[in-house]
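Results of the structural survey
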Amino acid sequence: MNITEKILARASGKNKVSPDDVVFANVDKVMIHDVSGPGVIAVFEKLKKTGMKIEKLWDPKKVWVAEDHFVPAADKISAQNVVLLTQFTKDYGISKHFKYGMGQYGICHTLSHEEAMVLPGEVYVGGDSHTNTTGALGAFAAGLGHTDVAYVLLNGKIWFKVPETLYFKLNGTLPDYAMAKDLILKIIGDIGTDGAAYKTMQFGGTGISEMSVEERLTLTNMTTEAGAKSGIIEPDQKIRDYLAQRGASNYDEIHGDADAQYAKVYEYEASELEPTVAKPFSPENVTAARELSSIPLDKAYIGSCTGAKLDDLRAVAKILKGRTVKIRTEILPAAISIFRKAMDEGLVKIFMDAGVMVGPPTCGACCGAHMGVLAKDEVCISTTNRNFPGRMGHVESQTYLASPLVAAASAVTGKITDPRDLK
Amino acid sequence: MKGSAIKYERDNIDTDVILPGPYLKIHDYDELAKHAMEGIDKDFHKKVKPGDFIVAGRNFGCGSSREHAPIALSYSGIKAVVAISFARIFYRNAVDGAFLLPIEVEEDAYKDISEGDQLEIETSKNEIRNLTKNKTYKMKPFPELIGKIISAGGLFNYKP
């Protein structure tokens, strides 16, 4: 069995599972946020009316809560949703609630790894489609709807169809102008937005071994954009060190067997990757950044669980150091702990010297919610994950998805720019 | 189960089309139903009758995890969506919330069914009979557990 099959077999008490088996898996961790939380609360209200007992959760210690989509409160309804969510965690004794503006806070997927909320070998579900992100730690991580999350909160388990696995092997070392974002955009361009529907996307090879943990998280994050159920990478010493730095060392890793089966294996040569951009209006609509160098921009956005981790900010700073931006540029670190590290490393000073707006962590403009949405006909280059019509604001705005290096180089010139071409 | 087919000859019908974003704040299920399919078919609410089926192509329900999508269809009267394939979260939400049946068919069945055809779906035989055209199509059987959850009336009524 491969790693995903072994995790699901262990979690469902079976010796062996195969793709297309349907299992009930015990869940180790579950996450809700300020959008899915109120959705789950609505399901609870519905259940209450049927007479079902819902006074207690299966295990409040395994539940954690983030406030990230509409914070700082975008309007009265968003403010009310946070109040509702806070009452819910109080009523059910959930102690791990990352309150916005109280210590550590930020985007749920970023907190999942930054705070070591999820560990290798675990089954982790969340009320958000980018829950896949955390699979880079060697966990099975998948997004669910509100009824399913409510069921997990009350019963501690949920059904899964065991997915087939597509294996993406990266050979060699990424050149210094290419990032994980370029690889995942290339892959989505190759297989399409339903190319991994119902499947797991696993990443491996020498290129992945050499990649930082945060860069790996960019790959698993965007498996969602290929329709995947989950993304996963086998844990190695880098993962162990990363988690140990965050106080987590007690877990039971799972690795695939030597004769693990994969539905299909794809190979990529790191040396052949180049700065890549997904044009409007689909993440599969990819082309080389250099082919788009005539496209003028209104804005650069460096934010989200996909593109505002510490490594992303370091890449941006490398470009912006000693330069100024030509278009309005917004940098929103994905968690306040990452903001702090960026300050300590002097990155925030570089950003501000370049003329950039540096803001608090939020999903905000990535999902067109608030804090920097686009006007009609505006064109944005963004380190985020989706560029469907209206995704970041007006339905007639345009978003180009790119790596932090490309977004920063483009901020400097005001046009889509390959970092190699920056003078 | 008998009803008329409402056919959309397209793939990747996403949740934004099934229930557009501006209505996500609404929690009244009957109110949601008034906006079902508004993204591609403004007349859907007028033409849909209780017991009708939607027939569509590949990857039905792709996009976000919003449960509002199957809820809006269900409260419009739709009992099943017959498609070549479904996006995973829509499929789960439809079954686990007991909102409607997601029924997978081969491409030839999808192509053969026309708007307004009278269909009879018999899940116990994995058959769809087209009463208008006097034809029978195979539906892909539900995996065992999915069939049990459907019979129980949703995940919360299912006893493992």
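Residues numbered from 1 in each chain as written. Chains lettered and ligands numbered in written order. Predicted model: local features only at pLDDT ≥ 70, side-chain atom pairs only at ≥ 80, totals over all residues.

**So, the sheet that holds strand β3 (residues 63-66) of chain A**
Residue and element names in this part refer to chain A. The 5 strands lie next to each other as β4-β3-β2-β5-β6, forming an open sheet whose pairing is parallel. Unpaired on one side and paired on the other, β4 (96-98) and β6 (140-143) mark the two borders of the sheet. Direction aside, neighbouring strands of the sheet carry axes that sit 15 degrees apart on average. Here strand β2 (residues 29-32) runs beside β3; their pairing, made up of 3 bridges, is parallel. When the bridges of β3 are listed, Ile32 appears paired with Val65. (Pairing = 2+ DSSP bridges. Helix = DSSP H or I, 4+ residues; strand = E, 2+ residues; numbered from the N terminus. Axes fitted to C-alpha atoms, helices over the stretch in contact; angles between N-to-C directions.)

**Details of the domain arrangement of chain A**
Residues and elements named next belong to chain A. Splitting chain A by domain gives domain 1 (3-268) and domain 2 (277-421). Relative placement of domain 1 and domain 2: their C-alpha centres are 24 Å apart. Of the residues lining the interface, 34 residues belong to domain 1; the matching set on domain 2 comes to 34 residues. Of all the secondary-structure elements, those providing two or more residues to the side of domain 1 that touches domain 2 are α4 (108-114), α6 (180-191) and α8 (213-221). Here the side of domain 1 that touches domain 2 takes 6 residues from α6, the largest share from any one element. Classifying every residue of the side of domain 1 that touches domain 2 by side-chain character gives 13 nonpolar, 13 polar and 8 charged. (Domains from an automatic or database assignment. Contact = placed C-beta atoms within 7 Å. Nonpolar A, V, L, I, M, F, W, Y, C, P; charged D, E, K, R; others polar.)

**A short note on the packing of helix α2 (residues 36-49) of chain A against helix α5 (residues 146-155) of chain A**
Residues and elements named next belong to chain A. Running from N to C, α2 and α5 point in directions that differ by 75 degrees, and their axes come no closer than 9 Å. Here α2 lies roughly perpendicular to α5, going by the angle between them. For the pair formed by α2 and α5, the contact residues are Ser36, Gly39, Val40, Ala42, Val43 and Phe44 on the first element and His146, Thr147, Val149, Ala150 and Leu153 on the second. Class assignment of the residues belonging to the contact of α2 with α5 gives a composition of 7 nonpolar, 4 polar and no charged. (Parallel < 35°, antiparallel > 145°, perpendicular 65-115°, else oblique.)

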